[in-house]
Amino acid sequence: MEIKIRSAVKEDCPRMMELIRELAEFEKAPHEVTVELEHFVESGFGECPVWWAYVAEIQEEDSQEAFLAGMALYYIRYSTWKGQRMYLEDIIVANEWRGKGIGRLLMDRLVEEARNKKFSGMMWQVLDWNEPAKEFYKKYNARFDNEWVNCNVQF
């Protein structure tokens with residue numbers, strides 16, 4: 001089995017949406033995924049992309065076709081105090097492929113990208129009950145911040 005981390009392409013979007021729905025199921029919020037595939041594609045591969053992603057492509061020895069087992073989607077956030085920062089929206093590994101180092105490969109590629117683009121850091125959120133994810137992020141010396149409260153307005 002070969003795992004290849006590569007930049008996402010437009011043709012990956014349907015599978016990426018499947019992974020996003022799988023994550024929503026895991027987080028007990030499948031009804032919260034309201035983005036349509038067309039909007040998702042346009043937002044990442046249209047004239048003015050607002051997100052970028054890496055995918056984990058698996059090539060099994062006995063198969064001709066590769067498939068996506070994971071993804072990491074990010075965008076650029078601007079801090080008036082720190083400048084440009086990478087915001088990791090989601091890192092997702094399909095259930096059956098967890099525990100095989102795919103998350104680490106995706107995260108390592110994100111760190112490399114952030115450094116290459118000279119971002120001042122990387123940020124993300126993790127649900128307070130998601131202990132496996134928190135343990136994963138601790139391996140990267142992530143700082144968990146309980147001071148800030150998340151806010152949002154829905155339209």
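This report concerns the structure included in the present document.

So, how was this worked out
Residues numbered from 1 in each chain as written. Predicted model: local features only at pLDDT ≥ 70, side-chain atom pairs only at ≥ 80, totals over all residues. Heavy atoms only, no water. Core = buried A, V, L, I, M, F, W, Y, C linked by side-chain atoms within 4.5 Å. Buried < 20%, exposed > 50% of the residue type's maximum accessible area, 1.4 Å probe, protein only. Helix = DSSP H or I, 4+ residues; strand = E, 2+ residues; numbered from the N terminus. Contact = heavy atoms within 4.5 Å. Pairing = 2+ DSSP bridges. Axes fitted to C-alpha atoms, helices over the stretch in contact; angles between N-to-C directions. Salt bridge = Lys/Arg side-chain N within 4 Å of Asp/Glu carboxyl O. Phe/Tyr/Trp six-rings, centres within 6.5 Å; stacked < 30°, edge-to-face > 60°. Lys NZ or Arg CZ within 6 Å of the ring centre and 35° of its normal.

1. Observations concerning the nonpolar core
- By size, the foremost hydrophobic cluster in this structure holds 38 residues, and its most contacted members are Met 16, Phe 40, Met 71, Ile 102, Leu 106, Met 107 and Leu 110.
- Looking at this core, the elements with two or more residues in it are α1 (13–26), α2 (37–45), β2 (52–59), β3 (67–79), β4 (83–93), α3 (102–116) and α4 (131–138).
- Met 107 has contacts with Leu 88, Ile 91, Met 122, Trp 124, Phe 136, Tyr 137 and Tyr 140, leaving out every residue within four places of it along the chain.

2. Here's the deal with the sheet that holds β2
- If you trace the five strands from one edge of the open sheet to the other, you get β1-β2-β3-β4-β5, paired in mixed fashion. The open sheet terminates on both sides in strands that have one partner only, identified here as β1 (2–7) and β5 (122–123).
- Here α3 sits on the sheet in contact with β1, β2, β3, β4 and β5, set at roughly 165 degrees to β4.

3. Some points on the pairing of β3
- For β2 and β3, the ladder comprises seven bridges, and the chain directions are antiparallel. Within the sheet, the bridge partner assigned to Ala 56 lies in β3 and is Gly 70.
- Hairpin connection from β3 to β4: three residues lie between these consecutive antiparallel strands.

4. Regarding the pattern of salt bridges
- In total, this model carries ten salt bridges according to the counting rule given.
- Note that Lys 134 and Glu 131 form a salt bridge whose closest N and O atoms lie 3.3 Å from each other. Note that Lys 134 and Glu 131 are positioned in helix α4 at a spacing of three residues, about one turn of the helix.
- Taking relative accessible area as the criterion, Glu 131 reaches 39% and is therefore assigned partly exposed.
- Residues joined by salt bridges that share partners form a network here, namely Arg 109, Glu 112, Glu 113 and Lys 117.

5. Remarks on the packing of aromatic side chains
- Under the criterion given, the structure shown has nine aromatic pairs.
- Seen in terms of ring centroids, Tyr 75 and Tyr 87 are 5.0 Å apart; in terms of plane orientation they differ by 25 degrees. Their pairing is stacked. Of this pair, Tyr 75 sits in strand β3 while Tyr 87 sits in strand β4, placing them twelve residues apart in sequence.
- With a centroid separation of 5.5 Å and an interplanar angle of 55 degrees, the aromatic rings of Phe 136 and Tyr 140 are classed as tilted.
- Overall, the relative accessible area of 26% leaves Tyr 140 in the partly exposed class.
- A connected cluster of aromatic rings, assembled from ring pairs, spans Trp 124, Phe 136, Tyr 137 and Tyr 140.
- Directly above the ring of Phe 26 sits Arg 98, whose terminal nitrogen or CZ lies 5.0 Å from the centroid.

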